[in-house]
Amino acid sequence: MLEKHKDDRKSPGAWRATKDGFGNGTPTSSFFPKDHPFPFLTRKFLQWTFYLLLPFIVFRFYFYPSPPPSPLAIPLSSLPLNSSQEEGILSKETACDYTQGKWVPDQMGPLYNGTTCGTIKDGQNCMSHGRPDLGFLYWRWQPQECQLPRFDPNEFLQFFADRHIAFVGDSMARNQLESLVCMLSSVSPPNLVYKNGGDDNKFRRWHFASHNASVSIYWSPFLVKGVEKSKNGPDHNELYLDRIDERWGKDLDGIDTIVLSIGHWFLHPAVYLEDGKVLGCHYCPGLNHTEIGFYDVLRKAVRTTLNTISDRRGDGIDVILTTFSPSHFEGDWDKFGACPKTEPYGEGEKLLEGMDADMRKIEVEEVESARLGIGGNQKKVRLEALDVTRLSLMRPDGHPGPYMYPFPFANGVGERVQNDCVHWCLPGPVDTWNQILLQVIKRLRRQ
């Protein structure tokens, strides 16, 4: 039996095993004297109760085995589904409309900062350049009817194990690319394996050895072949709308996912050519060409690009077009306070309209048109618009502004202060583009 330790007789929880009359170390309470019959009778009662219940237990489990687990407890992936059921489940999983929503405060902040990532272009490193208000880092995009998962760099790298993702376009493509490399570098160090293009490093490739994943940037501000204006040449751009820029086109066979981004360079003076003939120009005084708008030119450039990719890569590729990113100038670009906001716009405070809406509309329409044009080949050539125009419009606080240069007011406010109200601080709102990009890629892979 159990006896109380001599030192613990006032503590009812103290026990010590002793031999009872049956030679067992069966615990009994020391509240009863050693010769009290209660422990012995209790043990005999429990033994007979067990012998009486045992036949009923055996009968129950032999003739009525336990039921299978509820379907709710079975992983979805283990259920046998027909094609219509699979489509229904996938539509529920991927029905999230990320274009509609609002910016809400978020205490977690970004995955990286201006010192932990060495990929940030100097003009977008707002933190290192002394921007004093860092509240712009603590907002996240909240869609109206669903949740946008936080960016998981490990998951992204797993999707691109033994694969190559390339960003092709203008400086906004580079802005998005550098954001992605910084977020991925928070879990895996990137190795810069190629660079070219002068001081701007317009052509670069990183390799993430942990997953054998490659990430590249190709400078191509029109996607189609173009001759950019220069100090020693014409003061306008020349665009060949019937052929893509082979600086990236020649590498198309080695790309698994291509992310396109253009828009702002179409606002510059340019001459447009097709089939070797001049179609017209945009803002070209002094040239004997017909003045035409740039909207139709943008549409032609996107159409040529998507059709060429579909024709060349019918064996399989993911094509994602990032829609137009609005600027937020509120005055002269070279004056103090050109983009002075320090918080996002609230719901209904800023409408998507004018050129921003028109540029986005053209890009979304051309993606949908190309998707319909490839018909039955949609399972191999998957096209999607990464629609970030509206959520970007609501972030006037996310640009470098005067902090495109280090400590611009160290000697006071000058008469002329150059501002960047087009590109995005890194880290900053552009990180959200890559959050959504990951979800788009997951949806395309399911298809």
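Note that the coordinates shown come from a computational prediction; the quantities given were computed from them, not determined experimentally. (Residues numbered from 1 in each chain as written. Predicted model: local features only at pLDDT ≥ 70, side-chain atom pairs only at ≥ 80, totals over all residues. Heavy atoms only, no water.)

### Details of the confidence of the model for the chain
Line of reasoning, step 1. Chain-level statistics for the chain give a pLDDT mean of 84 and a share of 79% at 70 or above.
Line of reasoning, step 2. Predicted confidence for residues 1-34 stays below pLDDT 50, and this span has 47 contacts to residues more than four positions away or in other chains.
Line of reasoning, step 3. In this model residues 58-92 is a low-confidence stretch, pLDDT under 50, and it forms ten contacts with partners more than four residues away in sequence or in other chains. (pLDDT = per-residue confidence, 0-100. Contact = heavy atoms within 4.5 Å.)

### Focus on unusual backbone geometry
Line of reasoning, step 1. Following Leu426, the chain continues into Pro427 via a peptide bond in cis, with omega recorded as -5°.
Line of reasoning, step 2. Among the secondary structure elements, Pro427 is positioned in the loop between helix H8 (389-393) and helix H9 (430-446).
Line of reasoning, step 3. Despite not being glycine, Leu223 has its phi angle at roughly 70°, a positive value. (Helix = DSSP H or I, 4+ residues; strand = E, 2+ residues; numbered from the N terminus.)

### Observations concerning the packing of aromatic side chains
Line of reasoning, step 1. In this structure the tally under the stated criterion is ten aromatic pairs.
Line of reasoning, step 2. The interplanar angle of 80° and the centroid separation of 5.5 Å between the aromatic rings of Trp219 and Trp265 together place this pair among those described as edge-to-face. Linking Trp219 in strand E6 (residues 213-219) with Trp265 in the loop between strand E9 (257-261) and strand E10 (270-274), this pair joins segments that are 46 residues apart in sequence. Per residue, the accessibility class of Trp219 equals that of Trp265, and both read buried.
Line of reasoning, step 3. Counting every residue linked through ring pairs, the aromatic cluster contains Trp219, Phe222, Trp265 and Phe266.
Line of reasoning, step 4. Over the ring of Tyr240 we find Lys225; its NZ or CZ atom is 4.9 Å from the centre of that ring. (Phe/Tyr/Trp six-rings, centres within 6.5 Å; stacked < 30°, edge-to-face > 60°. Buried < 20%, exposed > 50% of the residue type's maximum accessible area, 1.4 Å probe, protein only. Lys NZ or Arg CZ within 6 Å of the ring centre and 35° of its normal.)

### Quick notes on the packing of helix H4 (residues 171-184) against H9
Line of reasoning, step 1. At a minimum axis separation of 9 Å, H4 and H9 run at an interaxial angle of 75°. In terms of orientation, H4 and H9 fall into the roughly perpendicular class. Together, Met172, Asn175, Gln176, Ser179, Leu180 and Met183 of H4 and Val430, Asp431, Trp433, Asn434 and Leu437 of H9 make up the contact between the two elements.
Line of reasoning, step 2. Of the residues that constitute the contact of H4 with H9, the class distribution is six nonpolar, four polar and one charged. (Axes fitted to C-alpha atoms, helices over the stretch in contact; angles between N-to-C directions. Parallel < 35°, antiparallel > 145°, perpendicular 65-115°, else oblique. Nonpolar A, V, L, I, M, F, W, Y, C, P; charged D, E, K, R; others polar.)

### Concerning the packing of helix H6 (residues 294-312) against helix H7 (residues 354-374)
Line of reasoning, step 1. At a minimum axis separation of 10 Å, H6 and H7 run at an interaxial angle of 30°. Considering the angle they form, H6 stands roughly parallel to H7. Relative to H7, the crossing made by H6 is right-handed. For the pair formed by H6 and H7, the contact residues are Phe294, Tyr295, Leu298, Arg299, Val302, Arg303, Leu306 and Ser310 on the first element and Met355, Asp358, Met359, Ile362, Glu363, Glu365, Glu366, Val367, Ala370 and Ile374 on the second.
Line of reasoning, step 2. Of the residues belonging to the contact of H6 with H7, the class tally is eleven nonpolar, one polar and six charged. (Left-handed = near helix turned anticlockwise from the far one by under 90°.)

### Looking at the sheet that holds strand E13 (residues 381-386)
Line of reasoning, step 1. Spatially, the seven strands line up as an open sheet ordered E4-E5-E6-E3-E9-E12-E13, and their pairing is mixed. The sheet is open, and its two edges are formed by strand E4 (191-196) and E13, each paired on a single side. Along the sheet, successive strands turn relative to each other by an average axial angle of 15°, direction set aside.
Line of reasoning, step 2. Note: strand E12 (residues 317-322) against E13, six bridges, orientation parallel. When the bridges of E13 are listed, Thr322 appears paired with Leu386.
Line of reasoning, step 3. Strand contacts of H7: E12 and E13, with the helix running at about 165° to E13, the strand carrying the most contacts. (Pairing = 2+ DSSP bridges.)

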